[in-house]
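# Per-entry structural report
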Amino acid sequence: MLAVIGYCVPAFIGTFGDTYLSFSEKVKFSDIPLGYQAMFKLPTLGVFQILLFIGLLETQFPNVNGDYGTGYFGQFLEEPIKSKKLAVEISNGRLAMLGILGLLVQDVVTGGSPFEVQSTVTSYTAL
């Protein structure tokens, strides 16, 4: 879900502009494109840092299926309600994965500007 938000916010609102992402390699946030092309512009240590963080999360929370023992907004739910809410959360997560996959496919097909292409299409013709 955060991936879709993280893709859309820089496209519509913008990034941090001329703030440096890496002082050692002189890379600014404005130098990084959106979508999959950003992976080729990021500094190598930045990519390593992202992968290390993902690995840390995967090893610290194995197979918990969304149940981190923190309750549901301060309430600890009984089993039938808890299972239903976890199933809904997993379904929402799967839908969000399809959303970011759709954005990335459009990014690859259009060459890095899926939002600009959608705004230029004004009508569709029936087959």
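As a reminder, the structure under discussion sits directly above these lines.
First, a word on what this report is: a plain description of the structure on this page.

Analysis parameters
- Sequence positions are assigned chain by chain, starting from 1 and proceeding in written order.
- The model is predicted, so local features are restricted to residues of pLDDT at least 70 and side-chain atom pairs to those at 80 or more, both for listing and for counting; the totals for chains, interfaces and linings are taken over all residues.
- Side-chain numbers here rest on the full set of heavy atoms in the structure, without hydrogens or water.
- Under this scheme, a helix contributes an axis fitted over its contacting stretch, all axes are lines through C-alpha atoms, and angles between N-to-C directions fall in the 0 to 180 degree range.
- Under the scheme used here, helices are H or I runs from DSSP no shorter than 4 residues and strands are E runs no shorter than 2 residues, and both carry numbers assigned from the N terminus.
- The contact criterion used throughout is that any non-hydrogen atoms of two residues lie within 4.5 Å.
- Three categories are distinguished: nonpolar for Ala, Val, Leu, Ile, Met, Phe, Trp, Tyr, Cys and Pro, charged for Asp, Glu, Lys and Arg, and polar for the others, with Gly belonging to the last.
- Candidate patch residues must exceed 30% relative accessible area and have no salt bridge, after which like charges are joined if within 9 Å and Val, Leu, Ile, Met, Phe, Trp or Tyr side chains if within 5 Å.
- Accessible areas in this description were obtained via Shrake-Rupley with a 1.4 Å probe; residue shielding takes into account the shown protein chains only.
- Salt bridge, as used here, is a side-chain nitrogen of Lys or Arg placed within 4 Å of a carboxyl oxygen of Asp or Glu.
- For each residue, the accessible area found with a 1.4 Å probe, counting protein chains only, is set against the maximum for its type, and the residue is called buried under 20%, exposed over 50%, and partly exposed in between.
- Ring pairs shown here join Phe, Tyr and Trp side chains whose ring centres sit within 6.5 Å, with only the six-membered ring taken for Trp; geometry is labelled stacked below 30 degrees between planes, edge-to-face above 60, and tilted in between.
- By definition here, a helix of n residues has an expected span of 1.5 Å times n minus one.

### A short note on the packing of helix α1 (residues 2-12) against helix α4 (residues 79-110)
Relative orientation of the contacting elements α1 and α4 amounts to 35 degrees, with a least axis distance of 8 Å. When α1 is examined against α4, the residues Ala 3, Val 4, Tyr 7 and Cys 8 are found in contact with a partner set consisting of Ala 96, Gly 99, Ile 100, Leu 103, Leu 104 and Asp 107. Within the contact of α1 with α4, the residues separate by chemical class into eight nonpolar, one polar and one charged.

### Describing a nonpolar patch on the surface
A cluster of nonpolar side chains, contributed by Leu 2, Ile 5, Val 9, Phe 12 and Ile 13, occupies part of the molecular surface with about 580 Å² of accessible area. One can find Ile 13 in the loop between α1 and β1 (20-22). Classification of Ile 13 by relative accessible area gives exposed; the value is 70%.

### Comments concerning the packing of aromatic side chains
The tally for this structure, following the rule as stated, stands at three aromatic pairs. Aromatic side chains Tyr 20 and Phe 23 sit 5.4 Å apart centroid to centroid with 40 degrees between the ring planes, which places their arrangement in the tilted category. Judged by centre distance (6.3 Å) and plane angle (90 degrees), the ring pair of Tyr 36 and Phe 40 falls under edge-to-face. With relative accessibility at 33%, the residue Tyr 36 sits in the partly exposed group. In this structure Phe 40 comes out as exposed when scored by relative accessible area, which is 68%.

### A short note on unusual backbone geometry
The phi dihedral of Lys 26 falls on the positive side, at around 55 degrees, and the residue is not glycine. Within the fold, Lys 26 resides in the loop between β1 and β2 (27-28). Using a relative accessible area of 59% as the deciding quantity, one classes Lys 26 as exposed.

### A word on helix α3 (residues 44-60)
Residues that lie three or four places apart on an α-helix share one face, since the helix turns once every 3.6 residues. With 17 residues, α3 should reach 24 Å at 1.5 Å per residue; the first-to-last C-alpha distance of 24 Å fits that figure. Across the 17 residues of α3, one count as buried, placing the element largely on the outside.

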